[in-house]
Amino acid sequence: MSVTVRVPSALRVYAGGRTELVAAPGLLREVLDAIGRESPELLTRVLGEEGALRRHVNVFVNDEDVRFRELLDTPVRDGDRVTIVPAIAGGA
Amino acid sequence: MRRRIEVDADKPAVLMPAAVLNEVFAHAREADPEECCGLITGTDAEPYRAVVRCRNDMTRHHQRDPVTYPRDGRQGFYMNEQDYLRAEDEAEARGERITCVYHSHVDAGAYFSEMDQDFAGEPLFPFPDAHHLVVSVVGGQVVGQGLFRGHAEGFVGRAVAHEPT
């Protein structure tokens, strides 16, 4: 039973160069805690000091943005794919 | 506090292949009245080789959560993440990389706005070495463009012109 966490290129330096990490299923916060024990610097780039998702970082469980689900309480099930995605945005 | 950055008219224009620039212009016109966004891929030797259009999700985010996303797609862009991840994967498979991020401003100039700088200067920005092409669309037509590059002292804007054929 496992989930995969895709690490974006900008963050791979904090994950030993790996493109994917593996964790046990659970709530998203538990999955992130697990990868944070392995790659603590990675976790600090995803979560702010208050423990919430940073403004410029999005996390998807499969194809769903967790901001439109239950944020860090979003369930991540066996076989799910978590993707950490920095935002690209702007405008006039 | 940041200010918008304009094109420095004293610097020489950056040249781009006509096919690439025209494809960005076409995307900007078709997206009007919303901003368009996308990526340009290439290599060190040929940095502006191909255009990948991406979806602008700003209106969708605004409709779902107007507090977090106060702008809609007429005043902003939010690049669809799946689109840009796919573009990055496909570029890597071709031996290319993302060299430029482009978007349009509607009824506004081709400057690098405070919001543009806010995201592009973020430490986690996925393509920190990429240039930023901004296209101005007024009245449905492209009326200007500028290319912005990050330097130690901040972003610098230059004019963009077609490569001579």
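Residues numbered from 1 in each chain as written. Chains lettered and ligands numbered in written order. Predicted model: local features only at pLDDT ≥ 70, side-chain atom pairs only at ≥ 80, totals over all residues. Heavy atoms only, no water.

Caption draft 1: The overall build of chain A, seen in detail. Helix and strand content of chain A: two helices and eight strands. Mapped from its N terminus to its C terminus, chain A presents α and β elements in the order β-β-β-α-α-β-β-β-β-β. The principal-axis extent of the C-alpha atoms belonging to chain A is close to 45 × 30 × 25 Å. Across the 92 residues of chain A, 50% fall into the buried class. Long-range pairs, those at least 24 residues apart, make up 48% of the contacts in chain A between residues at least 6 apart in sequence. Taken as a whole, chain A presents about 4,200 Å² of accessible surface, with 47% of it coming from carbon and sulfur. (Helix = DSSP H or I, 4+ residues; strand = E, 2+ residues; numbered from the N terminus. Buried < 20%, exposed > 50% of the residue type's maximum accessible area, 1.4 Å probe, protein only. Contact = heavy atoms within 4.5 Å. Areas by Shrake-Rupley, 256 points an atom, 1.4 Å probe, with all protein chains shown as cover.)

Caption draft 2: How the structure looks around helix 3 (residues 81-93) of chain B. Residue and element names in this part refer to chain B. The terminal C-alpha atoms of helix 3 lie 18 Å apart, and with 13 residues this matches the ideal 18 Å at 1.5 Å per residue to within 8%. Taken as a whole, helix 3 has its buried residues at Glu-81, Asp-83, Tyr-84, Leu-85, Ala-87, Glu-88 and Ala-91. The N-cap of helix 3, judged by a side-chain oxygen 3.0 Å from the amide nitrogen of Gln-82 a few residues on, is Asn-80. Within two residues after helix 3, Gly-95 carries a phi angle of roughly 80°, on the positive side. (Expected span 1.5 Å × (residues − 1). Polar contact = N/O pair within 3.5 Å; in protein donor to acceptor, adjacent residues only side chain to side chain.)

Caption draft 3: Examining the sheet that holds strand 7 (residues 141-151) of chain B more closely. Residues and elements named next belong to chain B. In spatial order, the strands read 1-8-7-6-5-2-3; together these seven strands make up an open sheet with mixed pairing. With partners counted over all chains shown, the strands left at the sheet margins are strand 1 (14-16) and strand 3 (50-54), one partner each. Between one strand and the next, the sheet's axes are offset by a mean angle of 30°, whatever the strand orientation. Sheet strands touched by helix 1 (residues 18-31): strand 1, strand 2 (37-42), strand 3, strand 5 (97-106), strand 6 (131-138), strand 7 and strand 8 (154-162). Its angle to strand 3, the strand with the most contacts, is close to 15°. Sitting on the sheet, helix 3 is in contact with strand 2, strand 3 and strand 5, with an inclination near 145° to strand 5. (Pairing = 2+ DSSP bridges. Axes fitted to C-alpha atoms, helices over the stretch in contact; angles between N-to-C directions.)

Caption draft 4: Representation of the interface of chain A and chain B in the model. Opposite the 23 residues of chain A that make contact, chain B presents 33 residues. Three residues, Phe-68, Ile-88 and Ala-92 of chain A, lead the burial of chain A against chain B; their summed loss comes to 31% of the area buried on that side. There are one salt bridge connecting chain A and chain B. The shortest N-O distance in the salt bridge between Arg-6 of chain A and Asp-89 of chain B comes to 3.3 Å. At the junction of chain A with chain B, the criterion picks out eleven residue pairs in polar contact (both at pLDDT 80 or more). Taken together, the elements giving at least two residues each to the side of chain A that touches chain B come down to strand 4 (57-61), strand 7 (81-86) and strand 8 (89-90) of chain A. Residues belonging to the side of chain A that touches chain B are distributed by class as follows: eleven nonpolar, six polar and six charged. Bridge analysis of strand 8 of chain A against strand 4 (residues 77-78) of chain B gives two bridges, and the strand direction is antiparallel. Across the sheet, residue Gly-90 of chain A finds its bridge partner in strand 4 of chain B, namely Phe-77 of chain B. (Buried area = accessible area lost by both parts, 1.4 Å probe. Salt bridge = Lys/Arg side-chain N within 4 Å of Asp/Glu carboxyl O. Nonpolar A, V, L, I, M, F, W, Y, C, P; charged D, E, K, R; others polar.)

That is the geometry; function is a separate question.
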